[in-house]
Amino acid sequence: MALDKNDIAKRIAKEVKDGYYVNLGIGIPTLVANYVRTDISVEFQSENGVLGMGPFPYEGEEDADLINAGKQTITTLPGASFFDSGFSFGMIRGQHVDLTILGAMEVAENGDIANWKIPGKMVKGMGGAMDLVASAENIIVAMMHVNKAGESKILKKCTLPLTGVGCVKKVVTELAVMEITPKGFKLLERAPGVSVEHIIASTEAELIIEGEIPEMQID
Amino acid sequence: MINKKVNSVQEALQGIENGMTLMLGGFGLCGIPENSIAELVQKGTHNLTCISNNAGVDDFGLGLLLQKKQIKKMISSYVGENAEFERQMLSGELEVELIPQGTLAERCRAAQAGIPAFFTPAGYGTEVAEGKEAREFNGKMHVMEHAFKADFAIVKAWKGDEAGNLIFKGTARNFNPCMCGAAKITIAEVEELLPAGSLDPNQVHIPGILIQRIFKGEKFEKRIEQRTTRKRD
């Protein structure tokens, strides 16, 4: 059975290790914060200028001067700090952030990612995505394996304008966990009850498959 | 003490003319110089090039200037959430340059710090790098980006003093500090304007040397773009 968005977030949450500073993109990545183990110390960075982001505020306690990069009202946790946008991207470019989790429209087997523009249809801008993918050492993409038309978003080569080249390390979808190796996508795990054949059929790119592919551990 | 205080938004915005390039602080609607934007709408200054991370929403922030077609060109990193913007962009009425957010911040900071250009990995191999010099450093490709040149920077701070020293609050800080001193003239609008000596120098985020004019904003609506909350247990 294919996973839902919360399950994808739960699986990615397992990649978050003790002592990590993590930047979460908009969409599925934002949900990851809900599932990180509570017995480890992790700080979330939002590129508009906050480290130590907490959950949404209680109703009536929203502060217009305290938002995340998705422009949602947030809170801060003990140990939090604020800084300006230049400093924030210095922190990202300087590789002080340990893990970046973001969404994508397409990922290619060489690690290219496209997530900011559909020519003639959607041009909202790249925001901080180009800076994040160009600088982060550890990038995990959270995305749906196929688009609404049922076409694979895991490709030999991206067709949309690129956000970054050769940067993605791992992709988690509703069907599979894949690692990007110098030889292309390597299938690491499959969603519970989903067959390897189903994943191959849903993937345009070639998959490297070695031995038995275990099921993802969600809970 | 060199006094930077002016008494009104009208006085603060003197000299802003049609066709000029403005930098405006803020991220989304958070930390935007809303009093100055309202006055620019009032003045009807047009043909403006605006450097700002976002373009406001349809009826607030820079969206107000877009509605009146006062903006010729926007230089931003993200422009969603604004239908009028999209319409003007697609019809070709509005020129738009989209650049990576970190590059936008650094181009402000470079202007502030007297650095004419710098190299960043952001955008290498994508369409934003087209026509730009690329160079390898430490085995990685980087793109050369230039400092912005602007006539006025308009920023919003929480507290300021008559010497022009500024303190920002929360994530309303964002691009504001990077834009101070990044244009020929920097205007700061603040929620609280205090006599010199009222701010602890240890707590000042931006020193007054970067500010030419400071005024107390008459009214701050501080609109929230995405009101997200959780239920009490």
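Residue numbering note: each chain is counted from 1, following its sequence as written. Written order decides the labels, with chains lettered from A and ligands numbered from 1. The predicted nature of this model means local features are confined to residues of pLDDT at least 70 and side-chain atom pairs, given and counted, to a pLDDT of 80 or more, with totals for whole chains, interfaces and linings taken over all residues. Only hydrogens and water are set aside; all other atoms, that is, all heavy atoms of the structure, feed into the side-chain values.

1. Things to note about the confidence of the model for chain B
pLDDT is a residue-level measure of predictor confidence that goes from 0 to 100. For chain B, per-residue confidence averages 97 on the pLDDT scale, and residues scoring 70 or more make up 100% of the total. Here the prediction assigns the complex a pTM of 0.96, and the interface score ipTM is 0.97.

2. So, the packing of aromatic side chains
When two rings of Phe, Tyr or Trp (its six-membered ring) have centres within 6.5 Å they constitute a pair, described as stacked for plane angles under 30 degrees, edge-to-face for angles over 60, and tilted for the intermediate range. Considering all chains together, one arrives at two aromatic pairs over all chains under this definition. Each ring, one from Phe 83 of chain A and one from Phe 87 of chain A, has its centre 6.0 Å from the other, and the planes form 40°; the classification is tilted. Each residue's exposure class comes from its accessible area (1.4 Å probe, protein chains only) as a fraction of the maximum for that residue type: buried when under 20%, exposed when over 50%, partly exposed otherwise. What makes Phe 83 of chain A buried here is its relative accessible area of 6%. Here the guanidinium or amino end of Lys 159 of chain B rests over the ring plane of Trp 158 of chain B, the centre of that ring lying 4.4 Å away. Note on geometry: a ring has a charge over it if NZ (lysine) or CZ (arginine) is within 6 Å of the ring centre and within 35 degrees of the ring normal.

3. Quick notes on the interface of chain B and chain A
Should any heavy atoms of two residues lie within 4.5 Å, those residues are considered in contact. In this assembly, 51 residues from chain B lie in contact with 49 residues from chain A. For any pair of parts, buried area is found by adding up, for both, the accessible area (1.4 Å probe) each one loses once the two are put together. On the chain B side of the interface with chain A, the three residues burying the most area are Thr 171, Thr 228 and Arg 230 of chain B, jointly 16% of the side's total. By definition here, a salt bridge exists when the distance from a side-chain nitrogen of Lys or Arg to a carboxyl oxygen of Asp or Glu is within 4 Å. One can count eight salt bridges joining chain B with chain A. N or O atoms closer than or at 3.5 Å make up a polar contact, with two conditions inside protein: a donor-capable atom paired with an acceptor-capable one, and, for residues adjacent in sequence, both atoms drawn from side chains. For the pair chain B and chain A, the number of links is 26 residue pairs in polar contact (both at pLDDT 80 or more).

4. So, the sheet that holds strand β7 (residues 140–146) of chain B
Residues and elements named next belong to chain B. Read from one edge to the other, the open sheet built from three strands follows the order β5-β7-β6, with strand pairing classed as antiparallel. In the strand order of this sheet, the two ends are held by β5 (117–120) and β6 (134–137), each with one partner. This sheet shows a mean twist of 40° between the axes of neighbouring strands, independent of strand direction. What makes two strands pair is DSSP finding at least two bridges between them. Secondary structure is summarised from DSSP: a helix means a run of H or I of at least four residues, a strand means a run of E of at least two, and numbering begins at the N terminus for each. As defined by bridge partners, β6 adjoins β7 across four bridges and the pair is classed as antiparallel. Where helices are involved, their axes are fitted lines through C-alpha atoms of the stretch in contact, as for all axes, and angles between N-to-C directions lie from 0 to 180°.

5. Here we look at the pattern of salt bridges
The tally for this structure, following the rule as stated, stands at 28 salt bridges over all chains. For Asp 65 of chain A, the salt bridge identified is with Lys 169 of chain B, shortest N-O distance 3.3 Å. Residue Asp 65 of chain A is found in the loop between β3 (50–53) and β4 (76–82), and its partner Lys 169 of chain B is found in the loop between β9 (166–167) and α6 (176–179); the two belong to separate chains. Lys 169 of chain B gets classed as partly exposed once you look at its relative accessible area, which sits at 27%. Notably, a salt bridge pairs Lys 132 of chain B with Glu 145 of chain B, separated by 3.1 Å at the nearest N-O pair. Here the residue Lys 132 of chain B occupies a position in the loop between β5 and β6, and Glu 145 of chain B occupies one in strand β7, the gap between them amounting to 13 residues. In this structure Glu 145 of chain B comes out as buried when scored by relative accessible area, which is 3%. One connected set of salt bridges, linked through shared partners, spans Asp 63 and Asp 65 of chain A together with Lys 156, Lys 169, Glu 191 and Lys 222 of chain B.

6. Notes on the layout of surface pockets
Rolled over the atoms, a probe sized like a water molecule indicates the empty space that remains. Throughout, the protein atoms alone are placed on a 1 Å grid, and a set of points is a cavity if a 1.4 Å probe fits but cannot get out or a pocket if it is open with protein on both sides within 12 Å along at least five of seven lines; lining residues have an atom within 4 Å of a point. Grid points are joined across faces, edges and corners, and a volume is the space filled by probe spheres set on the points. Counted as a void, the second largest pocket has a volume near 250 Å³. When contributions to the lining of the second largest pocket are tallied by element, the ones reaching two or more residues are α4 (129–135) of chain A together with β7 of chain B. In terms of residue class, the lining of the second largest pocket is made up of eight nonpolar, four polar and two charged. All residues other than Ala, Val, Leu, Ile, Met, Phe, Trp, Tyr, Cys, Pro, Asp, Glu, Lys and Arg, Gly among them, are scored as polar; the first ten of these are nonpolar and the last four charged.

7. Section: the packing of helix α3 (residues 85–93) of chain A against helix α5 (residues 101–113) of chain B
With their axes 8 Å apart at the nearest point, α3 of chain A and α5 of chain B run at an angle of 125° to one another. One way to sum up the angle between α3 of chain A and α5 of chain B is to call them oblique. Note on packing geometry: the crossing formed by α3 of chain A with α5 of chain B is left-handed. Contacts from Ser 85, Gly 86, Phe 87, Phe 89 and Arg 93 of chain A in α3 of chain A reach Gln 101, Gly 102, Thr 103, Ala 105, Glu 106 and Arg 109 of chain B in α5 of chain B. Within the contact of α3 of chain A with α5 of chain B, the residues separate by chemical class into three nonpolar, five polar and three charged. Small angles under 35 degrees read as roughly parallel and large ones over 145 as roughly antiparallel, with 65 to 115 read as roughly perpendicular and the rest as oblique. In this scheme the handedness of a crossing depends on how the near helix is turned from the far one: anticlockwise by less than a right angle means left-handed, clockwise means right-handed.

8. Brief notes about the side chain of Glu 189 of chain A
All names here are of chain A. With respect to the element layout, Glu 189 can be found in strand β14 (residues 184–190). Look at Glu 189 and you get buried, because its relative accessible area is 16%. Within polar-contact distance, the side chain of Glu 189 engages the side chain of Arg 11 at 2.8 Å. If sequence neighbours within four positions are ignored, Glu 189 has contacts with Arg 11, Leu 175, Ala 176, Val 177, Ile 213, Pro 214, Met 216 and Gln 217.

9. Quick word on α5 of chain B
Because an α-helix completes one turn every 3.6 residues, residues spaced three or four positions apart along the sequence face the same direction. All names here are of chain B. Given a rise of 1.5 Å per residue, 13 residues ought to cover 18 Å, and the 18 Å separating the end C-alpha atoms of α5 matches this to within 8%. For α5, the set of buried residues is Gln 101, Gly 102, Thr 103, Leu 104, Ala 105, Glu 106, Arg 107, Cys 108, Ala 110 and Ala 111. In the stretch just after α5, Gly 114 is the one whose phi turns positive, near 75°. Expected span, for any helix, means 1.5 Å times one less than how many residues it has.

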